[in-house]
Amino acid sequence: MAELHLPRPDYRIDGFKATTEQTEEGFSSVTLSDDMFLPLVEHHSADGRDSYLLMYDWAAIWDVPGTAEYVTLHISRDDERRTFDFASEAHPTVPLAQNWMIRRGCPDEAVELSSIHWPRPADALTSRLEEQLRVNPDRRYRVVDHHTCHPGPAGLGVEVQVLLHDAAPDSASQPYRLFLEETTEDFRSYTVREGAFATADAAREWALERSCALPPPPSPRPSDGRLSRAARSRSSVTSDAALPTVSLTGAPYRTAAAQARVRRSVS
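Residues numbered from 1 in each chain as written. Predicted model: local features only at pLDDT ≥ 70, side-chain atom pairs only at ≥ 80, totals over all residues. Heavy atoms only, no water.

1. Quick word on the nonpolar core
Ranked by internal contacts, the top residues of the largest apolar core, which has 19 residues, are Leu 40, Leu 54, Tyr 56, Tyr 70, Met 101, Leu 113 and Trp 118. Breaking this core down by element, the ones donating at least two residues are strand S2 (37-44), strand S3 (50-57) and helix H2 (94-103). When residues in this core are grouped by element, the largest group, four residues, is from H2. (Core = buried A, V, L, I, M, F, W, Y, C linked by side-chain atoms within 4.5 Å. Buried < 20%, exposed > 50% of the residue type's maximum accessible area, 1.4 Å probe, protein only. Helix = DSSP H or I, 4+ residues; strand = E, 2+ residues; numbered from the N terminus.)

2. Some remarks on the confidence of the model for the chain
When the pLDDT values of the chain are averaged, the result is 83; 78% of them are 70 or greater. Counted against residues more than four places away or in other chains, residues 228-267, with its pLDDT under 50, gives 134 contacts. (pLDDT = per-residue confidence, 0-100. Contact = heavy atoms within 4.5 Å.)

3. A short note on the pattern of salt bridges
Evaluated as defined, the whole model comprises nine salt bridges. In this structure, the salt-bridge partner of Asp 10 is Arg 12, at a minimum N-O distance of 2.9 Å. Asp 10 sits in the partly exposed class, given a relative accessible area of 30%. The partly exposed category is assigned to Arg 12, whose relative accessible area is 46%. A salt bridge links Glu 131 to Arg 134; the nearest nitrogen and oxygen atoms lie 3.2 Å apart. Of the two residues, Glu 131 and Arg 134 both sit in helix H3 (residues 124-135), three residues apart, roughly one turn of that helix. Salt bridges linked by common partners bring Glu 112, Glu 131 and Arg 134 together as one network. (Salt bridge = Lys/Arg side-chain N within 4 Å of Asp/Glu carboxyl O.)

4. Considerations on the packing of aromatic side chains
Applying the stated rule across the entire model yields eight aromatic pairs. Ring pairing ties together the aromatic residues Tyr 56, Trp 58, Tyr 70, Trp 118 and Phe 187, which thus form one cluster. (Phe/Tyr/Trp six-rings, centres within 6.5 Å; stacked < 30°, edge-to-face > 60°.)

Below you can see the structure in the form of structure tokens.
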């Protein structure tokens, strides 16, 4: 494999100390393999107190099958005390990561992907579904589980399954939604499609068997005022540990810190 030469993430913590020893250990764990992080979004507040980063983790390809490949960081600083704290999470898709960043205070317009070569939405439906997820009106969507299938080197394509629970009243009969993201073999574009299921088990069965087309939602979704702006290139969702976890493949969801610990233990 050719050696990767990636731009390093800009944490802007030179001259700062972690607020606690636990914070320092956690940050070191999350960023242990950051030489494999490709920055996709970096936003630093004008007052220097907050930084938001969205990165692709190339090392996730060699982790446990199904591992999420995107990592977000929110770094908050205290200029007077010269300390910093942080929060981090792993996400299966860019839209999920963008929503996480926005919920933590990152401006909407600042979560757009940088101009680097990266897959783009293949059609209008993909853009609409991503915007729908990133805005997540009234926090209607909650992540139940997800799985990333990345066969390996470039040229093989990537598939990501995200199982959500939809709390909207008109989705009561089929509240489980499977969002399927498929990236082309040339890694230039991707599509997102949505399937509706009455139960999480039904969604899991479809994902395993693929005996029919992805069943679409029963009716068009009502428009939301916050979705009237032009669809963006990506979207996002929020996770909720209170919902039951139904594994699509048997691989558990793991945080970015847990991923880093696994990589450290096998190195």
